[in-house]
Amino acid sequence: MYKFATSSRLRKYAVAGLLLLLAWLFDFNAVYAQKNEVGLGIGGFNYTGDLVRDFRLQNTRPGGMLFYRRNFNEFFSARISLSGGGLFGNDTPPYDPLAQQRDTAFSISVVELAGTIEYHFLDYKENINLLRWSPYFFIGAGIAFFGPHEQKTENYSSTQPVIPFGLGFKYILNPVWNLGFEAGIRKTFFDHIDNISVEDLNNKNFAYGNLHDKDWYYFIGLSISYTFYTIPCPYLFN
């Protein structure tokens, strides 16, 4: 009961954080030319958890992303994104005798709505600079919708809060088009992405994992975005 209450509270916090970020995005007023971007990305989703303990490239499943970005100044941006794709994992090759006996697999979909803050390490947008690129770091909050599994092993909610964070790289093609590469990690508070969790002491079928070792998932992809320029009127700042 406590586990479900905690999960519900985390979902409420994640939704509140997304709403606050949306309000900031649309109400922020800065002298910096307010540059808005829309874009899309393609890439792959991956997972680690009870079935897969390390990142396995062969488990990657295709995914995509749509996003809106607001560039506040030379270094900080905020982004709202909607992404989705597949998640897959199995016990092959098994990492211990339990996994060998369990010998199971899963394949589900995931849809994520997230808001993130980006920090660019280099001032790459200034026209006076020769740089046309910059690495960046991002972190934020989101809501993920998992599933469905064919048959749930426990009663749990498939809607869960996540913390997305990671590193990326941006390159300016011209004044309006930008390329990006991003590797993102999603920290979850959830142990049922793979539908494997707590041990059933009454049924020794080996179909269980570690309740205290939460599942993670990842998105790695390329993106392209288009920038809309809004030049502030100088009379507004006199």
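A quick note: this is a predicted structure, and the numbers were derived from the prediction, not measured.

### Points about the overall build of the protein chain
Counting its secondary structure elements, the protein chain contains two helices and eight strands. From first element to last, N terminus to C terminus, the protein chain shows the α and β order α-β-β-β-α-β-β-β-β-β. Of the roughly 12,700 Å² of accessible surface on the protein chain, 65% is carried by carbon and sulfur atoms.

### Describing the confidence of the model for the protein chain
Summary statistics for the protein chain give a mean pLDDT of 83 and a share of 75% for residues scoring 70 or more. Of all the helices and strands in the protein chain, helix 1 (residues 2-27) carries the lowest mean pLDDT, 58, while strand 7 (residues 177-188) carries the highest, 97. Contacts from residues 28-32, a stretch scored under 50 in pLDDT, to residues over four places away or in other chains number 14 contacts.

### As for the environment of Phe-145
Looking at the secondary structure, you find Phe-145 in strand 5 (residues 133-146). Its relative accessible area of 39% is what places Phe-145 among the partly exposed residues. On a C-alpha basis, the gap between Phe-145 and Glu-112 in space is 6.3 Å, while along the polypeptide they are 33 residues apart. In this view, Phe-145 contacts Ser-109, Val-110, Val-111, Ser-158 and Thr-159; residues no more than four positions away in its chain are not counted.

### A word on empty space enclosed by the protein
Taken as a whole, this structure holds two cavities of 30 Å³ or more when the rule is applied. Roughly 130 Å³ of volume is contained in the largest cavity. If you list the elements that add at least two residues to the lining of the largest cavity, you get strand 1 (34-48), strand 2 (61-71), strand 7 and strand 8 (216-230). Tallied by class, the residues present in the lining of the largest cavity amount to eight nonpolar, six polar and five charged. Taken as a whole, the second largest cavity encloses approximately 30 Å³ of empty space. Every residue lining the second largest cavity is listed: Ile-108, Phe-146, Gly-147, His-149, Tyr-156, Ser-158, Phe-190, His-192 and Ile-193. Looking at side-chain class alone, the lining of the second largest cavity contains five nonpolar, four polar and no charged residues.

### Some points on the pairing of strand 3 (residues 76-90)
For strand 3, the buried fraction is high: eleven of the 15 residues fall into the buried class. Hairpin connection from strand 2 to strand 3: four residues lie between these consecutive antiparallel strands. In the sheet, strand 3 pairs with strand 4 (residues 105-120) via 15 bridges, with the strands oriented antiparallel. Bridge assignment links Gly-86 to a residue of strand 4, and that residue is Ser-109.

### Observations regarding the pairing of strand 2
Here nine bridges tie strand 2 to strand 3, and the two strands are oriented antiparallel to one another. Its bridge partner lying in strand 3, Leu-66 is registered against Leu-82.

### Details of the nonpolar core
By size, the foremost hydrophobic cluster in this structure holds 19 residues, and its most contacted members are Tyr-47, Leu-87, Phe-106, Val-110, Phe-146, Ile-193 and Tyr-217. Of all elements in the fold, only strand 1, strand 2, strand 4, strand 5 and strand 8 reach the threshold of two or more residues within this core. With near-sequence residues (within four places) excluded, Phe-146 lies in contact with Leu-87, Ile-108, Ser-109, Val-110, Ser-158, Gln-160, Phe-190, Ile-193 and Tyr-217.

The rules behind these values
Residues numbered from 1 in each chain as written. Predicted model: local features only at pLDDT ≥ 70, side-chain atom pairs only at ≥ 80, totals over all residues. Heavy atoms only, no water. Helix = DSSP H or I, 4+ residues; strand = E, 2+ residues; numbered from the N terminus. Areas by Shrake-Rupley, 256 points an atom, 1.4 Å probe, with all protein chains shown as cover. pLDDT = per-residue confidence, 0-100. Contact = heavy atoms within 4.5 Å. Buried < 20%, exposed > 50% of the residue type's maximum accessible area, 1.4 Å probe, protein only. 1 Å grid on protein atoms, 1.4 Å probe; cavity = no way out; pocket = protein on both sides within 12 Å on 5 of 7 lines; lining within 4 Å. Points joined across faces, edges and corners; volume = space filled by probe spheres on them. Nonpolar A, V, L, I, M, F, W, Y, C, P; charged D, E, K, R; others polar. Pairing = 2+ DSSP bridges. Core = buried A, V, L, I, M, F, W, Y, C linked by side-chain atoms within 4.5 Å.

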